[in-house]
Amino acid sequence: MDGQVHLLKGEDGVAELVLDRPAKHNAVTPEMAAAIAAHAAAVDSDPAVRCLLLRGAGDRAFCSGTDLNALAAYPDTWAFRNRVEYSTSVRNMRKPVVVAMKGWALGGGFEMALAADIRVAGMSLKAGFPEVTRGWVGGGGASQMLPRLIGYGQAMRLLLTGENVGAEEARALGMVEILAEDAGHEEVARAVARRIAGFSPVATQSVKASVRMAMQAPLQAGLAYENEMNVLCFAAGDHLEGIRAFAEKREAAFKR
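Cut-offs and rules
Residues numbered from 1 in each chain as written. Predicted model: local features only at pLDDT ≥ 70, side-chain atom pairs only at ≥ 80, totals over all residues. Heavy atoms only, no water. Phe/Tyr/Trp six-rings, centres within 6.5 Å; stacked < 30°, edge-to-face > 60°. Buried < 20%, exposed > 50% of the residue type's maximum accessible area, 1.4 Å probe, protein only. Helix = DSSP H or I, 4+ residues; strand = E, 2+ residues; numbered from the N terminus. Lys NZ or Arg CZ within 6 Å of the ring centre and 35° of its normal. Pairing = 2+ DSSP bridges. Axes fitted to C-alpha atoms, helices over the stretch in contact; angles between N-to-C directions. Contact = heavy atoms within 4.5 Å. Parallel < 35°, antiparallel > 145°, perpendicular 65-115°, else oblique. Left-handed = near helix turned anticlockwise from the far one by under 90°. Polar contact = N/O pair within 3.5 Å; in protein donor to acceptor, adjacent residues only side chain to side chain. Nonpolar A, V, L, I, M, F, W, Y, C, P; charged D, E, K, R; others polar.

I tried to follow the packing of aromatic side chains on my own but got confused; where do I start?
For any pair of aromatic rings, the description consists of the separation of the ring centres together with the inter-plane angle of the planes. Tallying each qualifying case throughout the model produces two aromatic pairs. With centroids separated by 5.4 Å and ring planes inclined at 75°, the aromatic side chains of Tyr74 and Phe80 adopt a geometry described as edge-to-face. When its relative accessible area of 23% is taken as the criterion, Tyr74 is described as partly exposed. Here Phe110 and Phe129 contribute two aromatic rings whose centre-to-centre distance is 5.7 Å and whose plane-to-plane angle is 85°, an arrangement assigned as edge-to-face. With Phe110 in helix α5 (residues 108–115) and Phe129 in the loop between β8 (126–128) and α6 (131–134), the pair connects residues that are 19 residues apart, well separated along the chain. Take Phe110 and Phe129: they sit in the same class, and that class is buried. Lying over the aromatic face of Trp104, Lys126 brings its terminal NZ or CZ to 4.8 Å of the ring centre.

How do you make sense of the environment of Asn230 when you look at a structure like this?
Following the sequence through the fold, Asn230 ends up in helix α12 (residues 219–236). By relative accessible area, which is 39% here, Asn230 ends up partly exposed. Considered as a pair, Asn230 and Ser206 are 24 residues apart in the sequence and their alpha carbons are 7.7 Å apart.

When you look at the sheet that holds strand β3 (residues 51–56) in this model, what are you seeing that I'm missing?
Sheet strands associate in pairs through backbone hydrogen bonding, adopting either a parallel or an antiparallel arrangement. The strand order across the open sheet built from six strands is β1-β2-β3-β5-β7-β10, with neighbouring strands paired in mixed fashion. Of all strands in the sheet, those with a lone pairing partner are β1 (4–9) and β10 (178–180), marking the two edges. Adjacent strand axes in the sheet meet at a mean angle of 20°, parallel and antiparallel pairs treated alike. Where strand β7 (residues 118–122) lies against β10, three bridges are found, and the strand directions are parallel. Opposite Ala121, over in β10, you have Leu179 as the bridge partner. Packing of helix α1 (residues 30–45) onto the sheet brings it into contact with β1, β2 (14–20) and β3, and relative to β1 it is tilted by some 20°.

Sorry if this is basic, but what is going on with the packing of helix α7 (residues 142–150) against helix α8 (residues 152–161) here?
Packed helix pairs are characterised by how far apart their axes lie and by the angle those axes make with each other. Contact geometry of α7 with α8 gives a least axis separation of 7 Å together with a crossing angle of 135°. The angle between α7 and α8 falls in the class oblique. Handedness of the α7/α8 crossing: right-handed. Where α7 abuts α8, its residues Ala142, Ser143, Leu146, Pro147 and Ile150 lie against Tyr152, Gln154, Ala155, Leu158 and Leu159.

How should I be thinking about the side chain of Asn26 in this particular structure?
Assignment of secondary structure puts Asn26 in the loop between β2 and α1. Looking at Asn26, the relative accessible area reads 0%, which means it is buried. Within the structure, Asn26 has its side chain in polar contact with the backbone oxygen of Ala57 (distance 2.9 Å).

Quick question: what am I supposed to make of the packing of helix α11 (residues 201–214) against α12 here?
For the pair α11 and α12, the least separation of the axes is 9 Å and the interaxial angle reads 175°. Taken together, α11 and α12 sit at an angle that is classed as roughly antiparallel. Seen from α11, the contacting residues are Val202, Ala203, Ser206, Ala209, Ser210 and Met213; seen from α12, they are Gly222, Tyr225, Glu226, Met229, Leu232, Cys233 and Ala236. For the contact of α11 with α12, the residue count by class is nine nonpolar, three polar and one charged.

So this is what it looks like as structure tokens:
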């Protein structure tokens, strides 16, 4: 098979989803898109996994987006319309997702990063949305997620010009949360993922659900939703371990 997607599970509550097609800058084929969707669903349903780390194989790229040859191979518009949209599969996950990037992160590749919750970038990152230069708008969420992240004007600059930005500019714009040297960027991302995985999954998933609601709901509706998530956390009971740990001056050990 030309390109694979691997799901690696550790003992620390972190699973790693690896795009493995380095010779093609990890460009996503329809088969890889289906694998991403299947693995994302498996992670969401696996109680042993509390956080997902998404990364690309090789030294040159995180992901250069959808394979253009694969785009040309769809038999008709209806088949393309009903394709598996891999960024949407990541964005719809309930569990927290951390992405580690270096080198090229283009088009659908960076749309996957936008679908994640925390972005860690190596200094070689070259990110952009070249779809307009090919004659279309991306279908994986950039036009919706990017302005919410970095504002209308900067989003329009990137989406309308198709120009790339480096790691430092991406961090300054707010497209990336954490910068690291290429040699250590994956371990930095793993450390973030491990920290998240050490907390109550009820709490981390409630945080994610509440913040995602803030991106689409009016303020009063969002505040009401947040309160319901707060009540859900207390009903689940994990807060009792947090209170005990505070009283005993130790780290909390959430068993769920």
